[in-house]
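Here is what each chain is made of, one letter per residue.
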Amino acid sequence: MKLQTNISLETASKQFGYEDHVLFLGSCFAENIGNALLYHKFQSVVNPYGILFHPLAIERVLQDVYNGSDSVEETVFEIDGIWKSFIAHSRLNSSSRGAIVDKLKEAQEQLTKVLAKASHVFITLGTAWVYQHKDTGIAVANCHKVPQKQFVKGLLPIEETTASLKRQCAIIQKINPKATIVYTVSPVRHLKDGFVENMRSKAHLISAVHEVCDAKRVQYFPAYEVMMDELRDYRFYTKDMLHPSQQAVDYIWERFIEVYAFEKTKLVMKEVDGIQKGLSHRPFNTDSHAHQLFLADLDKRIQALKKEYPMIQF
């Protein structure tokens, strides 16, 4: 008896391993997968500007890299002693104007460097709803709890969404023609916009992504479809019923690795995971002979792995 519909996934034509650099941009789901790669000690960079939900926010930071823009200061503002930026997530918030400008410049420098050498660029789109700041005209990455009357909210049409994605691809390909670009649509439900509005948003993103994939030799990983079909049950959501549970994230992560990681890389990942669990182990008696033997064996495994993969650092 078959109790689940499975999405058939083919091995990617271009996979990655520990020698490669990988970039993740976009919504919080990009962070879920990107952080799993960081845990397994890949050379990955995840959202230098923090979470970016919609296409125009992602396009903005890519345009700044391509143009070498130094206009980040025009995006910063202060509320209650905290400095924020309309092109970045709140995790870049700072206590002074100079500090947040420095963080934004560091984010741009990090993104510039990784774009030039990345074998894969994974972009996860969260929503097609966009908030435009009335005074600056910026399609903001984050409203930062600024009063809503200062923004104009709108659903990005499919045509404009497609155009934005095409501009993103053009920038990446000009900077790094060898990079493989992969789009995903986040399975996180944005129900603050409304149930129907969330579905309209996802539909716009999916339609635009496939327009780009058909025309630009860009790939698509069906994270949204895996969540909606293979994991079609509320037990795969967190308590808010909006975000995938850790079990769901782990499942989609396994499907992701199945498609994009070399077979040899998967074996190394198992060893890295074993070492990571060993490093997080908390013994009852740190001075015991058994624990000292455990540490010696762990160090031996680390040194053996680093000899073959010197880029792996614990």
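Here, every reference points to the structure presented above.
For the structure given in this document, a descriptive report is provided here. Computed from a predicted model, the values in this text were never measured in an experiment.

Reading the values: rules and limits
Residues numbered from 1 in each chain as written. Predicted model: local features only at pLDDT ≥ 70, side-chain atom pairs only at ≥ 80, totals over all residues. Heavy atoms only, no water. Helix = DSSP H or I, 4+ residues; strand = E, 2+ residues; numbered from the N terminus. Buried < 20%, exposed > 50% of the residue type's maximum accessible area, 1.4 Å probe, protein only. Core = buried A, V, L, I, M, F, W, Y, C linked by side-chain atoms within 4.5 Å. Contact = heavy atoms within 4.5 Å. Salt bridge = Lys/Arg side-chain N within 4 Å of Asp/Glu carboxyl O.

**Some thoughts on unusual backbone geometry**
Phi at Lys 41 takes a positive value of approximately 70°, unusual for a residue other than glycine. Turning to its location among the elements, Lys 41 is positioned in the loop between α1 (28-39) and β2 (43-46). A residue is classified by how much of its surface remains accessible, and Lys 41, at 21% relative accessible area, is partly exposed. Even without glycine at this site, Asn 47 takes up a positive phi of about 45°. One can find Asn 47 in the loop between β2 and α2 (55-67).

**Points about the nonpolar core**
Core analysis: the largest hydrophobic core is formed by 56 residues, its most contacted members being Tyr 49, Leu 104, Leu 111 and Tyr 183. What Leu 104 contacts, discounting residues up to four positions off in sequence, is Tyr 49, Val 72, Thr 75, Val 76, Ser 85, Ile 87, Ala 88 and Leu 92. One finds Ala 36, Leu 37, Tyr 260 and Val 272 within the second-largest nonpolar core, a separate group that totals 40 residues.

**Here's the deal with the pattern of salt bridges**
Under the defined criterion, the tally for this structure stands at 15 salt bridges. When the shortest N-O distance is used, the salt bridge between Glu 74 and Arg 60 registers 4.0 Å. You can see Glu 74 sitting in the loop between α2 and β3 (76-79) and its partner Arg 60 sitting in helix α2, a full 14 residues away along the chain. Judged by relative accessible area, Glu 74 falls into the exposed class, the value being 52%. Several salt bridges converge on common partners, so that one network encompasses Arg 60, Asp 64 and Glu 74.

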